[in-house]
Amino acid sequence: MVFKQKMVMRKNQRRVDYSKPANNSTISDKEAIVDAVRKKRAKKLLFGSDIENWNPTTELGKKVKNGEIKDLNEIFDRNLKIMEPEIVDFFIKDIREKLMDTTKTSYVRMAGRKYNYRACVLIGDGSSFLGFGIGKDKDKWTSATKAARLARLNLVRLKKGCGSWECLCGTDHTVPFDVVGKTGSVRITLSPAPLGTGLVATEIVKPVLEFSGIKDVWSRTLGKTSTKINMIQACIDALRKTYKKDRK
Ligand SMILES: [Zn+2]
């Protein structure tokens, strides 16, 4: 009983009431406080790396911190592998993260069933870099941090353009040509669309296209499209092929 009471007390201590204004403050102050809290929450990342106190362990990391490598494009041009997530945070200042999916998974032991959580996280810089990671752990939020870390390591570069024969404006708003991506049974083809079309795609895939900065696109899908993870990975595979020589 004593233990339970202590737990309840701790819970009450943690809870902060944002609906009430802080002591001796007017209504306008309250709005400012709420805004500040919202901004803090918006900035709060699943995987927050401390770049100032970062001690790089890999060769690439040391070069990045010394300033020998000046861009993420340089890393991709030289086919170097990113082994530290801080490298990505170093170059992309305002990185975007989204928790796409969380599910409870189970495995069987002699004593019975045990449960884990699986989280999928999408990251991007809003223009030309994307990453997707899947993390598993006993807790929901630790699995999300794992996924956010892995998403930084599985970074993908993409190319944009104006490939539509109806538009020919020359700005980067669609895919430069038809691309097909696949994982499992899912096939997705993205084809260029003229300005003002919008994203003609399913709700699952839309955040991926928004994170990559694509505004107009047409899409067709095949296979079992209700599997969320395969759909997202197929879309990223298609976008990755905008940089490939063989487009199959
Ligand atoms: Zn155009």
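Because the structure is predicted, anything quoted here is derived from the model rather than measured.

Procedures and definitions
Residues numbered from 1 in each chain as written. Predicted model: local features only at pLDDT ≥ 70, side-chain atom pairs only at ≥ 80, totals over all residues. Helix = DSSP H or I, 4+ residues; strand = E, 2+ residues; numbered from the N terminus. Buried ≥ 20, exposed ≤ 12 C-beta atoms within 10 Å, placed from the backbone. Core = buried A, V, L, I, M, F, W, Y, C linked by C-beta atoms within 7 Å. Domains from an automatic or database assignment. Contact = placed C-beta atoms within 7 Å. Pairing = 2+ DSSP bridges. Axes fitted to C-alpha atoms, helices over the stretch in contact; angles between N-to-C directions.

A.B. asks: I'd like a rundown of unusual backbone geometry, residues and numbers included.
C.D. replies: Note: most peptide bonds trans; most residues except glycine with negative phi. Positive phi is not limited to glycine here, since asparagine 79 has a value of about 55°. Along the chain, the position of asparagine 79 falls in the loop between helix H4 (72–77) and helix H5 (85–91). Looking at asparagine 79, the number of C-beta atoms within 10 Å reads 6, which means it is exposed. You will see that leucine 168, though not glycine, has its phi angle at about 55°, which is positive. Tracing the chain through its elements places leucine 168 in the loop between strand S4 (155–157) and strand S5 (179–183).

A.B. asks: Run through the nonpolar core, naming residues and quoting values.
C.D. replies: If you look at the biggest cluster of nonpolar residues, it comprises 43 residues, and the most contacted ones within it are Val121, Val208 and Cys235. Elements supplying a minimum of two residues to this core: H4, H5, strand S2 (113–124), strand S3 (129–137), helix H6 (140–153), strand S6 (186–192), helix H7 (206–211) and helix H8 (228–240). With 7 residues, H8 is the largest single contributor of residues to this core. Taken together, domain 1 (59–157) and domain 2 (179–243) each give at least three residues to this core, which thus spans both. The contacts of cysteine 235, once residues within four sequence positions are left out, are Gly181, Ile188, Val205 and Val208.

A.B. asks: Give a description of the pairing of S6 that names residues and reports values.
C.D. replies: Side chains of S6 alternate between two faces, with Val186, Ile188, Leu190 and Pro192 buried and Arg187, Thr189 and Ser191 left unburied. In this sheet, S6 lies alongside S5 in antiparallel orientation, the contact comprising 5 bridges. Of the residues in S6, the one forming a bridge with valine 180 is threonine 189. Where S5 folds back onto S6 in an antiparallel hairpin, the turn is made up of 2 residues, including glycine 184, whose phi is positive at roughly 60°. Note: S6 against strand S8 (residues 217–222), 6 bridges, orientation antiparallel.

A.B. asks: Give me the sheet that holds S3: which residues, what numbers.
C.D. replies: Read across the open sheet, the 4 strands follow the order S1-S2-S3-S4; overall the sheet is antiparallel. Edge positions in the open sheet fall to strand S1 (96–108) and S4, since each of these has one partner strand only. When strand polarity is set aside, the average angle formed by the axes of neighbouring strands in this sheet is 15°. One ladder, built from 3 bridges, connects S3 with S4; its direction is antiparallel. Following the sheet pairing, glycine 131 is matched in S4 by leucine 155. The sheet contacts of H6 involve S1, S2, S3 and S4, and relative to S3 the element is tilted by about 145°. Of the strands in this sheet, S1, S2, S3 and S4 touch H8, which is tilted by about 150° from S3.

Note that all results are geometric; they support no functional claim without further evidence.
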